[in-house]
Amino acid sequence: MPGIFSTYNTAIKGLQANSLATKTASNNIANAESQGYTRQRVILQESMPYSFSKFQVGTGVDVTNIERVRDKYLDAQIWHEYACYGSYTSAQYVMEQAEIIFNADETGLNNALTEMWTAWSDLAESPEGTNGRTIVLQATETFTGMLNQMASQTQTLKSDTTDLIASKTKEANDLISDIKALNDQIYKMNLKGLEPNSLEDQRGVLLDKLSALVNINVDYNEDSKVMITDADTGEVLLAHDTAGEPDLKMSVIGNITDDGTDQNITVYRDGDTSSPVEITVPSGTYDFSTGDVVYIETQEWAEYDADNTDIPPLTKAELKEGELAGNMEALAKLEGYASQLDDLAFAVATTVNYILTDGGTNGTPIFDDTNPDYTAANIKVNPDVQDDVTLIEAGAFGGLPGDGARALLISKLNEISLPADVSGTNLEDYLDNYYNETEFTLESDPSGRTLGGFYADIVATVGSDTQRASNGVSTQAALVAALEEREESISGVSIDEETVNLIKYSDLYAANSKVISTLTEMLDAVLNMV
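Keep in mind that what you see is a predicted model, and the values were worked out from it rather than measured. (Residues numbered from 1 in each chain as written. Predicted model: local features only at pLDDT ≥ 70, side-chain atom pairs only at ≥ 80, totals over all residues. Heavy atoms only, no water.)

Chemist: What am I meant to see in helix α12 (residues 495-528) here?
Modeler: Spanning 34 residues, α12 covers 49 Å between terminal C-alpha atoms, matching the ideal 50 Å at 1.5 Å per step. Among all positions in α12, only E498, N501, Y505, N512, I516 and L519 are buried. Tucked inside the fold, the buried residues of α12 contact α1 (4-30). (Helix = DSSP H or I, 4+ residues; strand = E, 2+ residues; numbered from the N terminus. Expected span 1.5 Å × (residues − 1). Buried < 20%, exposed > 50% of the residue type's maximum accessible area, 1.4 Å probe, protein only. Contact = heavy atoms within 4.5 Å.)

So, in structure tokens, the structure goes:
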């Protein structure tokens with residue numbers, strides 16, 4: 001039966017609901033600038049009425065939940081775009097350093113090449129004496145020194161990039177472990193009937209960070225636990241029901257060599273470079289490169305730790321988006337640039353030496369041929385020539401004084417097209433067929449490129465790759481900014497809106513207080529009648 005006391009209860013429930021709503025609005029305002037904070041709102045629902053005669057009499061209001069205002073579909077979209085943005089920024093970081101190494105300005109390798117051809121041209125004009133030969137020697141030393149330096153810088157950048165990949169891999173593993181710990185805390189709070197809003201905000205921040213490193217898919221179960229899947233490979237990085245350590249962790253290939261019998265692999269376990277694991281497997285077991293990210297099951301590591309004999313299977317992570325993927329892509333490009341630079345070193349040294357020695361039948365090579373598999377790292381001037389520049393032959397062997405035909409041909413190598421592919425015996429076969437040691441001529445390969453073209457291709461490729469990464473960063477940054485702005489409009493705190501809410505809930509609280517005051521007066525009147 002409705003009466004004063006039931007109405008008291010209705011008003012008290014109104015006071016409590018609006019008091020909680022006021023506290024929630026106040027908390028929103030207090031955390032307006034807190035990282036990862038999600039705006040909260042109180043969900044109110046009419047209390048269950050009771051029947052009186054033919055009527056349903058209301059019993060007030062209940063607070064059913066204080067929920068985080070999130071759009072999970074928008075979250076998934078943002079995480080994907082974070083991964084795309086991360087792949088571009090991490091690639092740009094490496095590519096800009098590569099562009100500095102492979103520069104084409106007046107102090108770079110292109111200038112050293114030009115100076116070397118000029119020195120040979122000057123020697124062709126004045127082949128007598130040692131002055132012209134000394135200049136050729138100095139120009140060649142400058143060229144080889146520049147190649148050695150670029151090879152060293154490229155190797156250092158490759159090593160740094162591998163370490164960076166390892167560092168980010170460790171960070172990703174640590175983030176997944178932290179998310180797993182929050183999963184457990186959130187689950188326990190839900191069991192107690194509590195809303196773990198703050199913990200979910202913390203988990204959201206970690207998911208944001210992880211999504212920049214690896215392209216992830218996130219799935220929520222009924223207990224609000226998340227399952228994290230690598231969107232590129234489909235591998236489960238964290239399951240809903242993970243009890244201990246995640247079943248799968250990422251590691252990095254620190255180095256790999258194959259001698260035809262064994263593959264010796266250095267693994268940065270879980271991305272930790274401080275204690276690398278050395279494993280040996282049969283030759284050809286894996287097709288890995290330094291810096292590759294691999295998946296290894298936690299249980300497999302545990303078995304290996306037990307006796308150091310059960311080598312865990314390694315599965316390459318074919319990552320496409322995220323900072324790890326960007327760094328891996330940049331590392332692969334560095335390998336390509338280094339290979340192109342080696343091709344240039346091999347083409348110059350082999351061709352010049354071939355002409356100087358008539359294919360190795362006479363004379364002295366200017367490039368040290370102790371190891372004829374020339375690379376940018378090992379190319380150097382012949383020590384014999386450094387000791388005696390007269391060993392540099394400018395004309396025909398036993399020719400007349402003033403003969404500079406041989407030097408003239410070498411000076412024109414920058415204009416002659418060599419085979420585009422100088423690997424194997426391609427270059428030597430070409431020189432055997434097209435070099436005329438009597439007339440000192442060398443026919444161009446119609447489908448080839450000049451030595452200057454070799455380096456120009458490297459510079460163009462580096463520049464194009466860097467520009468592509470920079471353009472991707474600009475485009476992706478704009479997209480991410482737009483999505484974050486949309487997210488802020490949904491989940492962020494609007495001070496103006498919360499201020500309006502404070503006024504509204506304050507007025508409602510006052511109104512409910514007025515109801516109680518009125519009921520008190522009514523009750524006093526009834527008591528005074530007794």
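Chemist: For this particular structure, what's the right way to read the pairing of strand β11 (residues 293-297)?
Modeler: Taken residue by residue, a regular strand's side chains alternate between the two faces of the sheet. The buried fraction of β11 amounts to four of the five residues, a majority that puts the element mostly inside the structure. Of the strand pairs in this sheet, strand β8 (residues 248-258) and β11 are connected by five bridges, and their pairing is antiparallel. Residue pairing for β11: S251 is matched across the bridge by V294. (Pairing = 2+ DSSP bridges.)

Chemist: Which parts of the structure should I look at to understand the layout of surface pockets?
Modeler: Over the atoms, a rolled probe matching the size of one water molecule traces out where space is still vacant. By volume, the largest pocket is sized at about 750 Å³. Lining of the largest pocket is provided by 35 residues; of these, G36, T38, R68, R70 and D201 occupy positions nearest its centre. Of all elements in the fold, only β4 (61-68), α2 (72-101), α5 (197-213) and α11 (451-491) reach the threshold of two or more residues within the lining of the largest pocket. Sort the elements by how many residues they give to the lining of the largest pocket and α5 lands first, with nine residues. By residue class, the composition of the lining of the largest pocket is eight nonpolar, twelve polar and 15 charged. Computed from the structure, the second largest pocket encloses a volume of approximately 300 Å³. Together, 15 residues line the second largest pocket, and T350, N353, Y354, Y374 and E428 are the ones closest to its centre. Considering each element in turn, the lining of the second largest pocket owes the most residues, five residues, to helix α7 (residues 323-357). (1 Å grid on protein atoms, 1.4 Å probe; cavity = no way out; pocket = protein on both sides within 12 Å on 5 of 7 lines; lining within 4 Å. Points joined across faces, edges and corners; volume = space filled by probe spheres on them. Nonpolar A, V, L, I, M, F, W, Y, C, P; charged D, E, K, R; others polar.)

Chemist: Got a minute to help me understand the packing of aromatic side chains in this structure?
Modeler: Pairs of aromatic rings are described using the distance from one ring centre to the other and the angle between the two planes. Using the criterion set out here, one finds five aromatic pairs in the structure. Aromatic side chains F102 and Y337 sit 5.8 Å apart centroid to centroid with 65° between the ring planes, which places their arrangement in the edge-to-face category. Taken together, the positions of F102 in the loop between α2 and α3 (109-125) and Y337 in helix α7 put the pair 235 residues apart, joining distant regions of the chain. With centroids separated by 5.2 Å and ring planes inclined at 35°, the aromatic side chains of Y430 and Y434 adopt a geometry described as tilted. Residue Y430 and its partner Y434 are both found in helix α10 (residues 426-434); the two are separated by four residues, about one turn of the helix. A relative accessible area of 4% means that Y430 is categorised as buried. Looking at R406, its charged tip hangs above the ring of F397, at a distance of 4.2 Å from the centre. Of note, R449 hangs over the ring of F454, and the distance from its end group to the ring centre comes to 4.0 Å. (Phe/Tyr/Trp six-rings, centres within 6.5 Å; stacked < 30°, edge-to-face > 60°. Lys NZ or Arg CZ within 6 Å of the ring centre and 35° of its normal.)

Chemist: Any chance you could explain the packing of α2 against helix α4 (residues 131-191) here in plain terms?
Modeler: Working note: a packed helix pair is described by the angle between its axes plus the distance between those axes. Two elements in contact, α2 and α4, have axes separated by 10 Å at closest approach and are oriented at 170°. Regarding the angle of α2 to α4, the classification is roughly antiparallel. Counted together, S90, Y93, V94, Q97, A98 and I101 of α2 and M150, Q153, T154, L157, T161, L164 and K168 of α4 form the full contact between these two elements. Its residues placed into classes, the contact of α2 with α4 shows seven nonpolar, five polar and one charged. (Axes fitted to C-alpha atoms, helices over the stretch in contact; angles between N-to-C directions. Parallel < 35°, antiparallel > 145°, perpendicular 65-115°, else oblique.)

Chemist: Is there a simple way to think about empty space enclosed by the protein in this case?
Modeler: For the structure on display, the rule yields one cavity of 30 Å³ or more. Approximately 50 Å³ is the volume found for the largest cavity. Together, A91, M95, E329, A330, K333, D465, R468 and A469 line the largest cavity. Among the secondary structure elements, those contributing two or more residues to the lining of the largest cavity are α2, α7 and α11.

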